[in-house]
Amino acid sequence: MTEPRPRTDVLPATGASIIETRGLSKVYQSASAPIEALADISIDVRPGEIVAFLGPSGCGKSTLLEILAGLISPTSGEVTIDGQPPRPRAEVGLMFQQALLFPWRTVLANVLLPAELREKTDRDWKARAHELIAMVGLEGWAEKYHWELSGGMQQRVALARVLLLDPEILLLDEPFGALDEMTRETLDLEMMRIASDAGKTVVLVTHNVYEAALMCDRIFVFTPRPGRIVGVVEIDEPQPRGLAFSTTTEFGERVAQVRGLLSGDSDE
Amino acid sequence: MSERTATKDPVTDKPVVQAGGLDSGWKERSIGPIGAIILAVIFVVTVELLVLNEILNDIIVPRPTDVFSALITTLSEGFFYRHLWVTTLEVLIGFVVGTALGFALGALLGISRRARAISYPYVVAFQGLPKVVLAPVFITIFGFGIESKIVMAIAISFFPVLINTMAGLTGVDPQARRLMRSLNASEWHIFTKLSLPSSLPLIFAGIKTGLTLALVGAIVGEFVGAESGLGYLLDVYSYQLEIPRVWAITTILAAMGVILFLFIEWVDRKVVFWQSRRELSTGM
C-alpha cells in the first residue's frame, strides 16, 4: 500500500501521467451547509493503466469521474488529462451504469452517435461501427432496437458506442452495476481484454471490491464525508486476467487490504 | 405474437395492461367489434320501439329511422357541403396553427428557464380559464365570419400542445443529457437528437387532445355567432325543432372527430414508433 503523497508542488514537466490531480476538492452549496464531496484528491494515472475508484455511495468517486470527463469543474485544486484541463473530447470516453440507448435509434445508429455529433466524415464510421458491434458479440444485431435486447446486450452496445472514436482513456461509472453477477463478470473480463489489447487507460468507478481487484492494476480507496482517498492498493498481476486470478492468494490478500482500508476509516 | 407473451409483470407474473390495450384487445378477440355492433343495434332498436310506442316523445328523442333519413337528406343537399367545408376549414386551420403555436411556445418554455419563470403565472391562469368564455370576445374582435372560429379553435387547442411540449423537454433524462455532453454535443444537437425525440410521445398526446379541442372550439364559435358552418346549421335546426336533423348533424360531427382522431393516431404510431414497443419490452 502506498499513500498518495499530498503534493502541492508544480506539475512534473515530463508528463509521465495521463491523468493528474493535485489537491482537488469539490464543494456543493446546499440549503443548510456546504457539502464537501471531494477533499484533497491527488492522484496520478499512467498511460495504459487500469485503475479503480472504489468506495461506498456518497464518497465522491463519481464526482471525481465527472470532473475528469470535464462535465463539472472542481472547486479548487488542479487537474489535467493528457496535460490539458479536462473537457469533453474524443480522446476520453465516458460510460454509465445505464446503457442510455436512444429507443428511436437502431443498435447501429446508437453506436454511430459519437461520430454523428462530431460531424466526422473523415473515415468510414459505418464500417467501424459494424466492426465494434461484432467485437462486443452482437454481430447480426445492428438493425435491432433496444427493446429487442437484454440488459447485458444493451451495455455491450453502449461499450461499442464509447469505443467508436477510439478514446485513449475510458471513464467507466459502474458500467455493469445494473446487471446480474454472471453477466457483469463476463463483460468485465471482455472489457479488460479489449482495454489491455488496445493499451487504453481505464478508470473504473465501482463499489464492488471483487470487481475492482479482478480488473484493476491499482485501486484508489475512497471514504465519504468528505470524499477522500484513504489508500491505494496495487495488484501485481499482468493484464489481461482471467477469472482464475480471483482464486489466488494474491487476490485474497488484496481484497482483504481494501476491506481493511474501508473499515479502518469507519472505526476512527 | 411472441411480444404479447412477454407482457407479463415481472413481479406478479400477471399480464400487464398496456396503454392501447383496448386496441390490441380488439385485434385479438373478434368478440370486440361484433359485441360493439350488437350493442349499437340493441340501443337503436330499443329507442325506436320506445318512441314508436310513445313512451318517449319524438320531439325529445327522434326515431333512429327518422335520424337516418334526415342524414340521407342532409348528405344529398348541396348547401350542406358548404357548411361542412367551412367547419372543416376552421378545424384544420385552427388545429394546425394551434399545434404549431403550442409547440413553438412550449419549446421556448421548455428550453429557457427564464421564460418559464416569467410566464408561469400566466400559464397557470390560462390553464384554469374555461376557454369557451373567450368565444364572445373573439366574435366581437374578429366578426361573424370564419376568422373568429379559427382563432377560437387555436386558443383552445394550442394549450395542451404547449404544456406537453414543455413537460417533455424539461423531463429529459439527465443521464442522457450527461451522455450527450460527454460526447461534446452542441446545445442544438442535444435538442434535435435527444430532447425533441424523447419528448415526442408526450407532444403527440398533447396534439391528440388539441385536435379534439379544435373541433370543440370551432363549434362553440359557431354557436355563439356565425353565418355558416355545422355548428350554425345545428343551431338553426334546433330552433326549427328539426330534431332528426340535429341528430344527423351531430352524427356527422362525431364521424368527423373520429376520422381526424384516427388520422392523428396513425401519424403518432408512425412517428413515435418506439413508444408502444417500449411498453412491450421486459426488463430494462
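Residues numbered from 1 in each chain as written. Chains lettered and ligands numbered in written order. Predicted model: local features only at pLDDT ≥ 70, side-chain atom pairs only at ≥ 80, totals over all residues. Heavy atoms only, no water.

Engineer: I'd like a rundown of the packing of helix H10 (residues 187-224) of chain B against helix H11 (residues 230-239) of chain B, residues and numbers included.
Structural biologist: Residues and elements named next belong to chain B. In contact at an axis separation of 7 Å, H10 and H11 are set at 45 degrees when each is read in the N-to-C sense. Taken together, the axes of H10 and H11 are oblique relative to one another. Handedness of the H10/H11 crossing: right-handed. Contact residues: H10 offers Ile 219, Glu 222 and Phe 223, while H11 offers Leu 230, Gly 231, Tyr 232, Leu 234 and Asp 235. Across the contact of H10 with H11, the residue classes break down as five nonpolar, one polar and two charged. (Axes fitted to C-alpha atoms, helices over the stretch in contact; angles between N-to-C directions. Helix = DSSP H or I, 4+ residues; strand = E, 2+ residues; numbered from the N terminus. Parallel < 35°, antiparallel > 145°, perpendicular 65-115°, else oblique. Left-handed = near helix turned anticlockwise from the far one by under 90°. Contact = heavy atoms within 4.5 Å. Nonpolar A, V, L, I, M, F, W, Y, C, P; charged D, E, K, R; others polar.)

Engineer: Give a description of unusual backbone geometry that names residues and reports values.
Structural biologist: Residue and element names in this part refer to chain A. Note that the residue after Arg 225, namely Pro 226, is joined by a cis bond; omega there is -10 degrees. Within the fold, Pro 226 resides in the loop between strand E8 (218-223) and strand E9 (228-234). Cis geometry is adopted by the peptide bond preceding Pro 240, which originates at Gln 239 and carries an omega value of -10 degrees. Relative to the assigned elements, Pro 240 resides in the loop between E9 and helix H7 (249-267). Phi is positive for Asp 40, close to 50 degrees, though the residue is something other than glycine. Here Asp 40 lies in strand E2 (residues 35-45). Among the residues examined, Asp 40 registers a relative accessible area of 42% and is labelled partly exposed. You will see that Arg 225, though not glycine, has its phi angle at about 50 degrees, which is positive. For Arg 225, the position within the fold is in the loop between E8 and E9. (Buried < 20%, exposed > 50% of the residue type's maximum accessible area, 1.4 Å probe, protein only.)

Engineer: Explain the sheet that holds strand E7 (residues 201-206) of chain A to me, and be specific about the residues and the numbers.
Structural biologist: Residues and elements named next belong to chain A. Pairing in this open sheet of six strands is mixed, and the strands run E5-E6-E7-E3-E8-E9 from one edge to the other. Each edge of the open sheet carries a strand with a single partner, namely strand E5 (92-95) and E9. On average, adjacent strands in this sheet sit at an angle of 15 degrees to one another, irrespective of strand direction. (Pairing = 2+ DSSP bridges.)

Engineer: Tell me what's going on with the sheet that holds strand E1 (residues 19-28) of chain A, and back it up with residues and numbers.
Structural biologist: Residue and element names in this part refer to chain A. Ordered in space as E2-E1-E4, the three strands form an open sheet in which the pairing is antiparallel. If you trace the sheet from one side to the other, it starts and ends with E2 and strand E4 (76-81), each paired once. With direction set aside, neighbouring strand axes in the sheet form an average angle of 25 degrees. As defined by bridge partners, E1 adjoins E2 across seven bridges and the pair is classed as antiparallel.

Engineer: Give me the lowdown on the side chain of Asn 110 of chain A, citing residues and values where you can.
Structural biologist: Residues and elements named next belong to chain A. Among the secondary structure elements, Asn 110 is positioned in helix H2 (residues 107-117). Assessed through its relative accessible area of 1%, Asn 110 is described here as buried. If sequence neighbours within four positions are ignored, Asn 110 has contacts with Leu 101, Phe 102, Arg 105, Val 157 and Arg 161.

Engineer: I'd love a proper account of the packing of aromatic side chains, names of residues and values included.
Structural biologist: In the structure shown here, the tally under the stated rule is 16 aromatic pairs over all chains. In this structure an aromatic cluster arises from ring pairing among Phe 102, Trp 104, Tyr 145 and Trp 147 of chain A together with Phe 273 and Trp 274 of chain B. The positively charged end of Lys 144 of chain A is found above the aromatic ring belonging to Trp 141 of chain A, 5.8 Å away from the centroid. Of note, Lys 131 of chain B hangs over the ring of Phe 159 of chain B, and the distance from its end group to the ring centre comes to 5.3 Å. (Phe/Tyr/Trp six-rings, centres within 6.5 Å; stacked < 30°, edge-to-face > 60°. Lys NZ or Arg CZ within 6 Å of the ring centre and 35° of its normal.)

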